[in-house]
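Secondary and tertiary structure notes
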Amino acid sequence: MKAMILPAVGAKLEAAERPDPSPKGEEEVIDVIACGVCHSDLHVVDGDYGDATPIILGHEIVGEHKTLGPVMVYAPWGCGDCPECAKGQQQICSNAKEAGLVVDGGYAEKVVVPNTSYLAPIGSLDPYSSAPLACGGLTAYRAVSHGIPDLGKRSKAAVIGAGGLGQFAIQYLRHLSDAEVTVIDIDENKRKEALGRGAHAAVAPDEVDTKFDFIVDFVGATPTLELASTRVTKGGCVVVVGLFGGSIPFGFGRVPHEARFLSSVWGSPKQMVELLDFAAKTDISVPVERMPLSQAQAAHDKLRSGAVSGRIVLDIAGE
Ligand SMILES: [Zn+2]
Ligand SMILES: [Zn+2]
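Since this is a predicted model, take the numbers as computed values, not measurements. (Residues numbered from 1 in each chain as written. Chains lettered and ligands numbered in written order. Predicted model: local features only at pLDDT ≥ 70, side-chain atom pairs only at ≥ 80, totals over all residues. Heavy atoms only, no water.)

Structural notes on the overall build of the protein
As a reminder, the rule being used: Helical segments are the DSSP runs of H or I of at least four residues, strand segments are the runs of E of at least two, and each set is numbered from the N terminus. Radius of gyration: C-alpha atoms only; globule rule: 2.2 Å multiplied by the number of residues to the exponent 0.38. Burial classes follow relative accessibility: with a 1.4 Å probe on protein chains only, a residue under 20% of its type's maximum area counts as buried, one over 50% as exposed, and anything between as partly exposed. When checking whether two residues touch, look at their non-hydrogen atoms; a contact exists if any pair is within 4.5 Å. Accessible areas in this description were obtained via Shrake-Rupley with a 1.4 Å probe; residue shielding takes into account the shown protein chains only.
When you go through the protein residue by residue, the secondary structure sums to 9 helices and 17 strands. Expected size for 319 residues packed as a compact globule is a radius of gyration near 20 Å; at 19 Å, the protein falls within 12% of this value. Here the C-alpha coordinates of the protein stretch approximately 55 × 40 × 35 Å along the principal axes. Buried positions account for 52% of the 319 residues belonging to the protein. Sequence separation of 24 or more characterises 70% of the internal contacts of the protein that already satisfy a separation of 6 or more. A total of about 14100 Å² of accessible surface is found on the protein, and carbon and sulfur atoms cover 51% of it.

Here it is as structure tokens:
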């Protein structure tokens, strides 16, 4: 099979011919149709998650299964044997082996998954536009889900950072709550895009003049976390998803009383199924740019340059 390999940390992706996988036990092989390119892929290249090289990247995978048809792969494969996995929270399993981050993923014509429980049929969804749901869409869905139960008609929600994940979050908040949704981003074009996705308002960070019951920070830098902690209401909720690595002081009197602060990681297997169902019933989407598998390095370069307004998806079936 054709694959794009990351041979070593910091190296360029290389085209390679690999033997077709031969599944053992309960393992299943999927013919990959589409694989999204995610910022986490760049973190693997940079060695931020350790060194699993040589590795085939790609964790936003849609492919064809011989009996289930077109499926989305749930990529954070939990150990199945710990308290988190027992609760269905495989995304926080300490021994998870994430496809495309730790073990071989979807920048290839075929991928092996441990068993069919990690496959969810996508029904009539388009494989290319739905691939980013597997990580970007699911991560934003889980992040938003932490706040939805407390949002009512007079609530205000804010999304910090209107990249691909932020654009998903705006649409979820509009569909799943009655809150007024404000997007905060330094980039004027992204603010415009956000208004097109249904945000009620889109402002620059220095234009924020109100408090919010719920804030999702898709940047995670110190200034964005500081903005969130000063702009969240008492009893409100701040969710950080962005991997920028910032921090804020936490303690009594340092943050508004009874405000909750939590990080949110990826999503559970159950939430991925929920999300596919939700996507089938709504028109949620982000702009998707298709590139051939052989152009995976160019896709990485483009993502790194910041020139991607939605998500890039590698077209693997079409190559
Ligand atoms: Zn586990
Ligand atoms: Zn990802």
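Overview of the sheet that holds strand E13 (residues 212–217)
To keep it simple, the criterion reads: Here, strands pair whenever DSSP counts at least two bridges between them. Only the stretch in contact is used when fitting a helix axis, every axis being a line fitted to C-alpha atoms; angles between N-to-C directions are given from 0 to 180 degrees.
Reading across the sheet, the 6 strands line up as E12-E11-E10-E13-E14-E15 and stay open at both edges, with parallel pairing between neighbours. The sheet is open, and its two edges are formed by strand E12 (201–203) and strand E15 (260–263), each paired on a single side. Taking the axes of each pair of neighbouring strands and ignoring which way they run, one obtains an average angle of 15 degrees across the sheet. Note: strand E11 (residues 180–184) against E12, 3 bridges, orientation parallel. Paired with Ile 184 across the strands is Val 203, a residue of E12.

Looking at the coordination of the zinc ion (ligand 1)
Spelled out, the test is: In this description, a donor is an N, O or S atom within 2.8 Å of the metal centre, a cutoff extended to 3.2 Å for sodium, potassium and calcium. Water is not part of the atom list, which can make sites seem incomplete. Here the metal geometry follows the donor angles, with tetrahedral for four donors whose angles all fall between 85 and 135 degrees, square planar for four and octahedral for six when opposite donors are more than 155 degrees apart and every other angle is between 65 and 115, and irregular for all the rest.
At 2.3 to 2.4 Å from the zinc ion (ligand 1) lie its protein donor atoms, namely Cys 79 (SG), Cys 82 (SG), Cys 85 (SG) and Cys 93 (SG). Around the zinc ion (ligand 1), the 4 donor atoms are arranged such that angles at the metal cover 103 to 121 degrees; this shape is classified as tetrahedral. Along the chain, the residues donating to the zinc ion (ligand 1) fall in the pattern C-x2-C-x2-C-x7-C. One end of the pair, Cys 82, is in the loop between strand E6 (76–77) and helix H2 (83–86); the other, Cys 93, is in the loop between H2 and strand E7 (97–98), and 11 residues separate them in sequence.

Some points on the coordination of the zinc ion (ligand 2)
For the zinc ion (ligand 2), the protein coordination sphere consists of Cys 38 (SG), His 59 (NE2) and Cys 135 (SG), at 2.0 to 2.2 Å. Sequence spacing of the donors to the zinc ion (ligand 2): C-x20-H-x75-C. Here Cys 38, found in the loop between strand E3 (28–37) and helix H1 (39–45), pairs with Cys 135, found in the loop between helix H3 (127–130) and helix H4 (136–145); they are 97 residues apart in sequence, far enough to count as distant. Assigned by exposure class, Cys 38 and Cys 135 land together as buried.

Things to note about the packing of aromatic side chains
Stated precisely, the cut-off is as follows: In summary, the pairing rule links any two rings of Phe, Tyr or Trp, Trp by its six-membered ring, whose centres are within 6.5 Å, and it sorts them by plane angle into stacked for under 30 degrees, edge-to-face for over 60 and tilted for everything else. Counting as a charge over the ring demands two things of the Lys NZ or Arg CZ atom: a distance within 6 Å of the ring centre and an angle within 35 degrees of the ring normal.
One pass over the structure, following the stated rule, counts 7 aromatic pairs. Put simply, the rings of Tyr 141, Phe 168, Tyr 172 and Phe 278 pair up and form one aromatic cluster. Here the basic side chain of Arg 290 rests over the ring of Tyr 128, its NZ or CZ set 3.5 Å away from the ring centre.

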